[in-house]
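Residue-level listing of the chains:
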Amino acid sequence: IMGAHGSLFPGEMLQQTGARAVIIGEPEETLLPLVTRNDWSSIPGLAFREGGKASFTGAPAPAKIEEFPVPSFHLIDPSRYYYELMGRPFFLFESSRGCPYECSFCLKAMYGKGIRRKPAGKVMTEVERAISIAGACRGYFIDLEFTTNRDHAMEICSGLISRNYPFSWCCQTRADAVDAELLKHMKRAGCRLIHFGVESGSQRVLDGTNKRITHEAIRRGIRLSGEAGIETACFFMFGFPGELRSEMEETLSFAKELNPTYASFHEVTPYPGTRIGPMSTPLQNGSGGEMGFPAYCPGHDPHFLDTMVRRAYLSYYLRLPYILSRLKQGNPRSLLRQIRLFSGFIR
């Protein structure tokens with residue numbers, strides 16, 4: 001098995017799951033020797049059972065993503081993959097891994113520190129193969145911050161523009177990492193949607209997350225994206241450490257002010273391995289969040305947070321100006337997908 005849980009708690013995951021081995025961190029360079037060798041003791045980044053005891057081989061080195069081969073797209077059934085906001089068939093691409101920022105709530109146990117990038121030409125080869133072999137027409141660059149390196153993003157967009165593929169895509173980035181020229185280039189390259197982490201409508205709470213961004217920068221990034229003709233999906237959270245209920249109301253008001261195409265509201269989860277994780281203490285009975293840790297930050301009422309999230313969805317999406325703006329866009333298929341997604345969040 002592999003994933004964030006095993007990277008943080010390899011011994012516990014071996015015990016609780018009965019797995020023979022747990023891959024710690026990125027799996028790509030550990031997986032091949034794991035399935036081809038009989039002796040696992042020399043494979044870095046592995047926890048495994050040996051003689052009834054757990055053995056650990058040490059931390060793995062960061063994966064050299066620039067050396068990864070092109071994925072075997074001929075083995076994929078495209079009809080099985082979709083994204084509610086983009087449709088199907090849907091493919092994932094990765095032009096970089098990691099993030100240079102240290103937000104207090106973000107769990108990066110799988111990535112380590114820093115950021116690594118694939119050459120733009122290699123990214124284009126992957127997109128080209130996905131299109132020619134598997135019929136890709138929609139994709140998501142799943143980089144944590146797609147435009148952090150502006151030149152790299154521009155180079156990828158230039159490659160897409162020059163090839164003129166019938167291909168639309170989305171990405172995630174920071175609102176202060178876009179500008180009018182870059183967004184125009186992204187739009188020409190087929191970018192249809194950008195995900196932005198806004199987090200909080202309270203500047204005090206936002207400063208406490210160490211995100212190092214201002215509300216004014218967020219307003220500017222969302223506005224420029226709309227002016228470029230790119231849809232926006234913004235993420236907001238309730239229940240940061242020390243957050244007041246009045247500040248949660250500020251978050252809802254800020255969401256309505258920004259008025260992104262899609263708004264997503266969630267409770268803050270204090271994942272172990274993050275800066276806010278140590279503020280939480282494990283639950284004695286093992287219930288609640290990850291590996292016995294609570295699912296909410298101390299000092300917050302889980303029932304209130306659940307109610308706040310539900311109210312935020314209803315309050316945001318049932319506004320008459322918002323409904324009219326979506327109808328005005330004249331895309332019934334997109335609106336139907338959104339209604340289905342919305343109904344799932346408020347159940």
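Further up the page is the structure itself.
Residues numbered from 1 in each chain as written. Predicted model: local features only at pLDDT ≥ 70, side-chain atom pairs only at ≥ 80, totals over all residues. Heavy atoms only, no water.

Focus on the sheet that holds strand β1 (residues 21-23)
The strands that make up a sheet are held in pairs by hydrogen bonds between backbone atoms, and each pair lies either parallel or antiparallel.
No. 1: Here three strands make up an open sheet; going across it, the order is β1-β2-β3 and the pairing antiparallel. The open sheet has two edge strands, β1 and β3 (53-56), and neither has a second partner. If you compare each strand with its neighbour and ignore which way they point, the axes differ by 20 degrees on average.
No. 2: The sheet contact formed by strand β2 (residues 46-50) and β3 spans four bridges and is antiparallel. Bridge assignment links arginine 49 to a residue of β3, and that residue is alanine 54.
No. 3: Along the sheet, helix α2 (residues 10-17) makes contact with β1, β2 and β3, crossing β2 at roughly 45 degrees. (Pairing = 2+ DSSP bridges. Helix = DSSP H or I, 4+ residues; strand = E, 2+ residues; numbered from the N terminus. Axes fitted to C-alpha atoms, helices over the stretch in contact; angles between N-to-C directions. Contact = heavy atoms within 4.5 Å.)

Describing the environment of glycine 190
No. 1: Tracing the backbone through its elements, the reader meets glycine 190 in the loop between α6 (180-188) and β9 (191-199).
No. 2: Here the alpha-carbon distance between glycine 190 and alanine 4, two residues 186 residues apart in the chain, equals 32 Å.
No. 3: Those residues in contact with glycine 190 that sit more than four places away from it in its chain are Phe167, Ser168 and Trp169.

Topic: the environment of alanine 47
No. 1: By secondary structure assignment, the location of alanine 47 is in strand β2.
No. 2: Each C-alpha atom of the pair alanine 47 and alanine 134 lies 36 Å from the other, and the pair is 87 residues apart in sequence.

Looking at the state of the cysteines
As used in these notes, a disulfide is a covalent bond between sulfur atoms, one from each of two cysteines.
No. 1: Taken as a whole, this structure holds zero disulfides when the rule is applied.
No. 2: Here cysteine 157 stays unpaired: no disulfide links it, and the sulfur of cysteine 191, its closest cysteine neighbor, is 7.3 Å away.
No. 3: Here cysteine 157 falls in the buried class, since its relative accessible area comes to 0%. (Disulfide = S-S within 2.5 Å. Buried < 20%, exposed > 50% of the residue type's maximum accessible area, 1.4 Å probe, protein only.)

Describing the pattern of salt bridges
No. 1: The tally for this structure, following the rule as stated, stands at 15 salt bridges.
No. 2: Glutamate 94 is the partner of arginine 97 in a salt bridge, and the nearest nitrogen-oxygen pair spans 2.9 Å. For the pair arginine 97 and glutamate 94, one class covers both residues: buried.
No. 3: For lysine 211, the salt bridge identified is with glutamate 199, shortest N-O distance 3.0 Å. Placement of lysine 211 in the loop between α7 (203-208) and α8 (215-227) and of glutamate 199 in strand β9 is noted, with a sequence separation of 12 residues between them.
No. 4: Linked through salt bridges whose partners overlap, the residues forming this network are Glu26, Glu28, Glu94, Arg97 and Arg116. (Salt bridge = Lys/Arg side-chain N within 4 Å of Asp/Glu carboxyl O.)

Remarks on the pairing of strand β10 (residues 231-238)
No. 1: Counting buried residues along β10, seven of its eight residues qualify, which places the element largely inside the surrounding structure.
No. 2: As paired elements, β9 and β10 share six bridges and run parallel to each other. From the neighbouring strand, histidine 195 faces β10, where its bridge partner is alanine 233.
No. 3: Note that β10 and strand β11 (residues 262-267) share six bridges and pair parallel. What sits directly across from phenylalanine 236, in β11, is phenylalanine 265.
No. 4: Tracing the backbone out of β10, into helix α9 (residues 245-258) and back to the parallel element β11 gives a crossover that is right-handed. (Right-handed = clockwise from strand over helix to strand, strands pointing away.)

Quick notes on the nonpolar core
No. 1: Phe141, Leu160, Trp169, Met186, Ile218 and Phe265 are the most contacted members of the largest nonpolar core, which has 67 residues in total.
No. 2: Non-local contacts of phenylalanine 265, meaning those with residues more than four positions away in its chain, are made with Phe236, Phe238, Leu252, Ala255, Val309, Ala312, Tyr313 and Tyr316.
No. 3: Counting eight residues, the second-largest nonpolar core is a separate cluster that includes Cys103, Phe105, Val205 and Met237. (Core = buried A, V, L, I, M, F, W, Y, C linked by side-chain atoms within 4.5 Å.)

Side note on the packing of aromatic side chains
For any pair of aromatic rings, the description rests on two quantities: the centre-to-centre distance and the angle between the ring planes.
No. 1: Under the definition given, this model contains 20 aromatic pairs.
No. 2: Between phenylalanine 93 and phenylalanine 167 the ring centres are 5.9 Å apart and the planes differ by 80 degrees, which places this aromatic pair in the edge-to-face class. Of this pair, phenylalanine 93 sits in strand β4 (residues 91-93) while phenylalanine 167 is found in the loop between α5 (150-163) and β8 (168-173), placing the two residues 74 residues apart along the sequence.
No. 3: On the numbers, 5.3 Å between centres and 55 degrees between planes, the contact of tyrosine 316 with tyrosine 322 is tilted.
No. 4: Look at tyrosine 316 and you get buried, because its relative accessible area is 0%.
No. 5: Feature note: the residues Phe73, Phe91, Phe93, Phe141, Phe146, Phe167 and Trp169 constitute an aromatic cluster, connected by ring pairs. (Phe/Tyr/Trp six-rings, centres within 6.5 Å; stacked < 30°, edge-to-face > 60°.)

Quick word on a nonpolar patch on the surface
No. 1: A contiguous nonpolar surface patch, about 480 Å² in accessible area, is contributed by Leu318, Leu320, Ile323, Leu324 and Leu327.
No. 2: Secondary-structure assignment places isoleucine 323 in helix α11 (residues 320-328).
No. 3: Exposure remark for isoleucine 323: the relative accessible area of 33% places this residue in the partly exposed category. (Patch = residues over 30% accessible without salt bridge, like charges linked within 9 Å, V, L, I, M, F, W, Y side chains within 5 Å. Areas by Shrake-Rupley, 256 points an atom, 1.4 Å probe, with all protein chains shown as cover.)

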